[in-house]
Amino acid sequence: TDCILEHIQKSSKKGKKLLAILLDPDKTKLQEISIVSKRIENLKANFIFVGGSFVEKGITDVFVQKLKEFTNIPIILFPGDYSQVTNKADGLLFLSLISGRNPEYLIEQQIKAVPFLKNSNLEIIPTGYILIDGGINSSVLKISKTTAISQNNIELTVETAIAGMYKGKQLIYLEAGSGAKFPVNSKLITEVKKNINIPLIVGGGIRTKEQLKNAYKNGADVVVIGTAFENNINLSI
Ligand code: 1GP
């Protein structure tokens, strides 16, 4: 079934905005999952993304299984590397770091995931992942050994997104990095959105209702919030 991507595509066409809460299995304790799930349901989040940069092998599986005990919100894997995959989730953002020039994160990790994925039921969603400078040395930068695109480089960002679309990506993810000081700016979101006809995900450094609304208004179809929720699960947004 292709229900997650279809859901995002249909919402995008109707202008219905979606929210994803990102949980890092490395940072959320198993004992906290019941309360965390309740809070995510209160926020009316449409998806739970699960992933992180430093998650030990096997942890994601246990984490997602536990989440499934407490919530029916679709769980989408947002893996930092090929080992963070489990059949217990509903879908997988099959990411290529297209802002970078490191073959490891353009194709190598993807190939390493295949022996698992070819026998799994996960909905696999081809996603072009574009790293924008969020004013911090984000873990994606450190791990991928790539550079981020400057917030002012609209041309390169737009061309990268369009190239991703031409390559067949079904989603474009504009990422300022987890815990970013500066979320992806309005102009960048607007220009990318104007130039692609596939849904746009925006994340990194979004902490307030105002920033969330702004991202939606400028053209984000899905906004991802991780750090702000992690720091305050009573967050109201
Ligand atoms: C990170 O885009 C997500 O990959 C969310 O970022 O943790 O800053 O909300 P934050």
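To keep things clear, this report deals only with the structure shown in the data block.

Some points on helix α8 (residues 209-218)
Part 1 of the reasoning: Among the residues of α8, L212, A215, Y216 and N218 are the ones counted as buried.
Part 2 of the reasoning: In this structure, the buried side of α8 is in contact with β1 (18-23), α7 (186-195) and β8 (222-225).
Part 3 of the reasoning: Positioned one or two residues after α8, G219 has a phi angle of 130°, which is positive.

Thoughts on the pairing of strand β4 (residues 91-97)
Part 1 of the reasoning: The buried fraction of β4 amounts to 6 of the 7 residues, a majority that puts the element mostly inside the structure.
Part 2 of the reasoning: Across 2 bridges, the pairing between strand β3 (residues 75-77) and β4 is parallel. If you follow L77 over to β4, its bridge partner there is L92.
Part 3 of the reasoning: Of the strand pairs in this sheet, β4 and strand β5 (residues 123-131) are connected by 7 bridges, and their pairing is parallel. Within β5, the residue paired with S96 across the bridge is G128.

Overview of α7
Part 1 of the reasoning: Turning to α7, its buried residues number three or more, namely L188, I189, E191 and V192.
Part 2 of the reasoning: Taken together, the buried residues of α7 touch α6 (154-166), β6 (171-175), β7 (200-203) and α8.
Part 3 of the reasoning: Put simply, N185 is the residue that caps the front of α7, since its side-chain oxygen is 3.1 Å from the backbone nitrogen of K187.

Details of the packing of α6 against α7
Part 1 of the reasoning: The contact between α6 and α7 brings their axes to 9 Å, and the two run at 35°. Relative to α7, α6 is oriented so that their crossing is right-handed. On the side of α6, the interface is formed by I154, T157, V158, A161, I162 and M165, while α7 contributes K187, L188, E191, V192 and N195.
Part 2 of the reasoning: For the contact of α6 with α7, a count of residues per class yields 7 nonpolar, 2 polar and 2 charged.

Brief notes about the nonpolar core
Part 1 of the reasoning: Within the largest apolar cluster, 52 residues are counted, with the highest numbers of intra-cluster contacts made by I21, L23, I40, I196, I225 and F229.
Part 2 of the reasoning: The dominant element in this core, judged by the number of residues it contributes, is α6, at 4 residues.
Part 3 of the reasoning: If sequence neighbours within four positions are ignored, I40 has contacts with I21, L23, A45, I48, I73 and F229.
Part 4 of the reasoning: Core analysis: the second largest hydrophobic core is formed by 24 residues, A20, Y129, L141 and V222 among them.

With respect to the packing of aromatic side chains
Part 1 of the reasoning: Per the counting criterion, the structure on display carries 4 aromatic pairs.
Part 2 of the reasoning: A ring pair is formed by F78 and Y129, whose centres lie 5.7 Å apart and whose planes are at 80°; its orientation type is edge-to-face. Of this pair, F78 sits in the loop between β3 and β4 while Y129 sits in strand β5; the two residues are 51 residues apart in sequence, bridging distant segments of the chain.
Part 3 of the reasoning: Exposure remark for F78: the relative accessible area of 9% places this residue in the buried category.
Part 4 of the reasoning: Overall, the relative accessible area of 6% leaves Y129 in the buried class.
Part 5 of the reasoning: Considering the side-chain rings of F78 and Y173, the 5.2 Å spacing of their centres and the 10° angle between planes classify their relative orientation as stacked. Note that F78 is positioned in the loop between β3 and β4 and Y173 in strand β6, a separation of 95 residues in sequence.
Part 6 of the reasoning: Owing to a relative accessible area of 1%, Y173 belongs among the buried residues under this scheme.
Part 7 of the reasoning: Taken together, the ring pairs connect F49, F78, Y129 and Y173 into an aromatic cluster.

How each quantity is defined
Residues numbered from 1 in each chain as written. Predicted model: local features only at pLDDT ≥ 70, side-chain atom pairs only at ≥ 80, totals over all residues. Heavy atoms only, no water. Buried < 20%, exposed > 50% of the residue type's maximum accessible area, 1.4 Å probe, protein only. Helix = DSSP H or I, 4+ residues; strand = E, 2+ residues; numbered from the N terminus. Contact = heavy atoms within 4.5 Å. Pairing = 2+ DSSP bridges. Polar contact = N/O pair within 3.5 Å; in protein donor to acceptor, adjacent residues only side chain to side chain. Axes fitted to C-alpha atoms, helices over the stretch in contact; angles between N-to-C directions. Left-handed = near helix turned anticlockwise from the far one by under 90°. Nonpolar A, V, L, I, M, F, W, Y, C, P; charged D, E, K, R; others polar. Core = buried A, V, L, I, M, F, W, Y, C linked by side-chain atoms within 4.5 Å. Phe/Tyr/Trp six-rings, centres within 6.5 Å; stacked < 30°, edge-to-face > 60°.

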